[in-house]
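Fold and contact review
For reference, the chains in residue letters:
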Amino acid sequence: MDGFELNFEVLKRWDKDYIWHPFTQMLEWMKEDIIIITEGEGNYLVDINGNRYLDGVSSLWVNIHGHRRKEIDEAIKNQIDRISHSTLLGLSNIPSILLAKKLVQITPPSLDKVFYSDNGSTAVEIALKISFQYWQNLGHIAKKKFISLNNAYHGDTIGAVSVGGIDLFHRIYNPLLFPSYRIPSPYCYRCEFDFNYPSCNLACTDPLEDILSKNAEEIAGIIVEPIVQAAGGIIISPPGYLRKIYEISRKYNIIFIADEVATGFGRTGKMFACDHENIDPDIMVISKGITAGYLPLAATLTTNEIYNAFLGQYEEFKTFFHGHSYTGNPLACTAALANIEIFESEEVIKKIQEKISLLEKLLKNFQELEHVGDIRQKGLIAGIELVKNKENKEPYPIGERKGHRVILEARKKGVILRPLGNVIVIMPPLSISNDELNYLMDVVYHSIKKVTES
Ligand code: PLP
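Keep in mind that this is a model prediction, so the values were computed, not measured.

Turning to the side chain of threonine 334, a few remarks are in order. Tracing the chain through its elements places threonine 334 in helix α12 (residues 330-345). Only 2.7 Å separates the side chain of threonine 334 from the backbone oxygen of proline 330, close enough to count as a polar contact. Discounting chain neighbours no more than four positions away, the residues touching threonine 334 are Ala75, Ile76, Gln79 and Pro95.

This is the structure we're talking about:
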């Protein structure tokens, strides 16, 4: 290899010389010891030096059944022997056809059609463009705006950032964004109105009614992360919240977009978060867990009603002029089919209920920690919010990097995590065993204690 021995030191130098890492202050990265992953084994990652780490955030919320699942590996290998990629522009392929049919079966009954792309952000972008064009095609040309939530995260492309609500990530891009309406986040721990649930009567939904009662004629749709605002800090909406904003949206006949990129594929304890409150969205966006964490794939599902508004003679230009080079990639669709097959044959959703209860029990211990302000859980997703002062909920200054320090501590004990500011995120593969879950939470507990109490 150019006269170099390909060892850890060489690769570490090349990483720092050549890679610009996502969501990373590179000046900090340059000073840190890095981990180079070479293998996966079940729920563990193995680094170049042979160290094993429990994958506590599912390789950024994507892995579902563990790494190197035989059935998925083999399905992909078999597909490679046929073809790795052909386009969906003007052609079709078998895995994308079979997967589309399957996705329509497993998602809420309102959804009938599947538009593929390759990551969550583009799938959101597609949802926004379809919503906008739907109204244009029907002649409602004033309907151009979207409603989204404070603390929302829908991805990093400009459209997705336009409906984002995380100041830290999004503020700098303001001059590039299209205007949209914001409604409060259902963040009960830091309620924007200082109310308590349930006596609040879900007052945080009132602004939606208010905006729509005055401006519905210019609003195309609303985009929501159902039940869990994930990247905003694992903010879990109280029971009834999702249903209420869905019903208000229905009343004013706007498109309801459910962004299930993070919540889809079992993470919240049901196949989709919408299933918790019987939501029939007009559009659903899925990615991450769709291929069980194997390959990049996303899908934007729509109702027939929306799809039909795009039908017409070519010269009417109702066509959805959008597509990506890897749209409907056969390898990724094959991985997704194998993923769903495991969900069905192993009754994964049924099996994880016990682990969800175990996680709930383990999280109770965290209440006694001096700097744990709030503990939020839905299914196998949890967020532990660290605060400087538990009494008045004063947050740690972001520059103290408390969350980051906790995950570095956990790493010493063989656990990989990635925080969201002061929130420690727990999102293991659904295949995590009870023993592994016990270990994971024990390491998180002691890492928080060490960083915040010593
Ligand atoms: N939507 C939600 C709810 C997400 O959590 C994410 C990523 O975390 C995205 C969209 C963007 O997905 P991607 O990172 O694949 O572009």
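Before going further, it helps to examine the site of the ligand. In the region of the ligand, the neighbouring residues are Trp61, Asn119, Gly120, Ser121, Tyr153, His154, Gly155, Glu225, Asp259, Val261, Ala262 and Lys288. The backbone of glycine 120 places a nitrogen or oxygen atom 2.8 Å from an oxygen atom of the ligand. In isolation the ligand exposes 390 Å². Once the protein is present, 85% of that is buried. Residue composition of the shell around the ligand, grouped by class: 4 nonpolar, 5 polar and 3 charged.

Here we take up the sheet that holds strand β2 (residues 44-47). Read across the sheet, 4 strands follow the order β1-β2-β3-β16 without closing on themselves; strand pairing throughout is mixed. Both outer strands of the open sheet, β1 (37-41) and β16 (415-416), are each paired with one neighbouring strand and no more. Direction of pairing for β1 relative to β2: antiparallel, over a ladder of 4 bridges. Its bridge partner lying in β2, glycine 40 is registered against leucine 45.

In this section: the packing of helix α13 (residues 348-364) against helix α15 (residues 434-453). Where α13 contacts α15, the axes come no closer than 10 Å and their chain directions differ by 25 degrees. Relative to α15, the element α13 is oriented roughly parallel. Considering the relative orientation of α13 and α15, their crossing is right-handed. When α13 is examined against α15, the residues Glu354, Lys355, Leu358, Leu359, Leu362 and Leu363 are found in contact with a partner set consisting of Asn434, Leu437, Asn438 and Met441. A breakdown of the residues in the contact of α13 with α15 according to their chemical character gives 6 nonpolar, 2 polar and 2 charged.

As a further point, take α15. Look at α15: 28 Å from first C-alpha to last across 20 residues, which is about the 28 Å you get at 1.5 Å a residue. Within the sequence span of α15, burial applies to Glu436, Leu437, Leu440, Met441, Val443, Val444, Tyr445, Ser447, Ile448, Val451 and Thr452.

In this section: the packing of aromatic side chains. The full count for this structure, using the stated rule, is 13 aromatic pairs. An angle of 70 degrees between the planes, with centres 5.3 Å apart, marks the rings of phenylalanine 265 and phenylalanine 272 as edge-to-face. Of the two residues examined, phenylalanine 265 and phenylalanine 272, each falls in the buried class. A ring pair is formed by phenylalanine 366 and tyrosine 445, whose centres lie 5.4 Å apart and whose planes are at 80 degrees; its orientation type is edge-to-face. Of the two residues, phenylalanine 366 is situated in the loop between α13 and β13 (372-378) and tyrosine 445 in helix α15; the sequence distance between them amounts to 79 residues. According to the relative accessible area criterion, phenylalanine 366 is buried, its value standing at 1%. One aromatic cluster is present, built from ring pairs that chain together Phe23, Tyr153 and Phe169. The ring of tyrosine 307 carries the charged tip of lysine 113 above its face, separated from the ring centre by 4.5 Å.

On to the environment of arginine 267. Relative to the helices and strands, arginine 267 is located in the loop between β10 (255-259) and β11 (283-286). Here the alpha-carbon distance between arginine 267 and alanine 292, two residues 25 residues apart in the chain, equals 11 Å. Side-chain polar atoms of arginine 267 contact the backbone oxygen of asparagine 63, separated by 2.6 Å.

Residues Leu103, Phe265 and Ile384 are the most contacted members of the largest nonpolar core, which totals 105 residues. It is α12 that provides the largest number of residues to this core, a total of 9 residues. Of all hydrophobic cores here, the second largest spans 23 residues; its members include Ile126, Ala127, Val163 and Ala309.

How each quantity is defined
Residues numbered from 1 in each chain as written. Predicted model: local features only at pLDDT ≥ 70, side-chain atom pairs only at ≥ 80, totals over all residues. Heavy atoms only, no water. Helix = DSSP H or I, 4+ residues; strand = E, 2+ residues; numbered from the N terminus. Polar contact = N/O pair within 3.5 Å; in protein donor to acceptor, adjacent residues only side chain to side chain. Contact = heavy atoms within 4.5 Å. Near = heavy atom within 4 Å. Areas by Shrake-Rupley, 256 points an atom, 1.4 Å probe, with all protein chains shown as cover. Nonpolar A, V, L, I, M, F, W, Y, C, P; charged D, E, K, R; others polar. Pairing = 2+ DSSP bridges. Axes fitted to C-alpha atoms, helices over the stretch in contact; angles between N-to-C directions. Parallel < 35°, antiparallel > 145°, perpendicular 65-115°, else oblique. Left-handed = near helix turned anticlockwise from the far one by under 90°. Expected span 1.5 Å × (residues − 1). Buried < 20%, exposed > 50% of the residue type's maximum accessible area, 1.4 Å probe, protein only. Phe/Tyr/Trp six-rings, centres within 6.5 Å; stacked < 30°, edge-to-face > 60°. Lys NZ or Arg CZ within 6 Å of the ring centre and 35° of its normal. Core = buried A, V, L, I, M, F, W, Y, C linked by side-chain atoms within 4.5 Å.

By themselves, these figures tell us nothing about what the structure is for.
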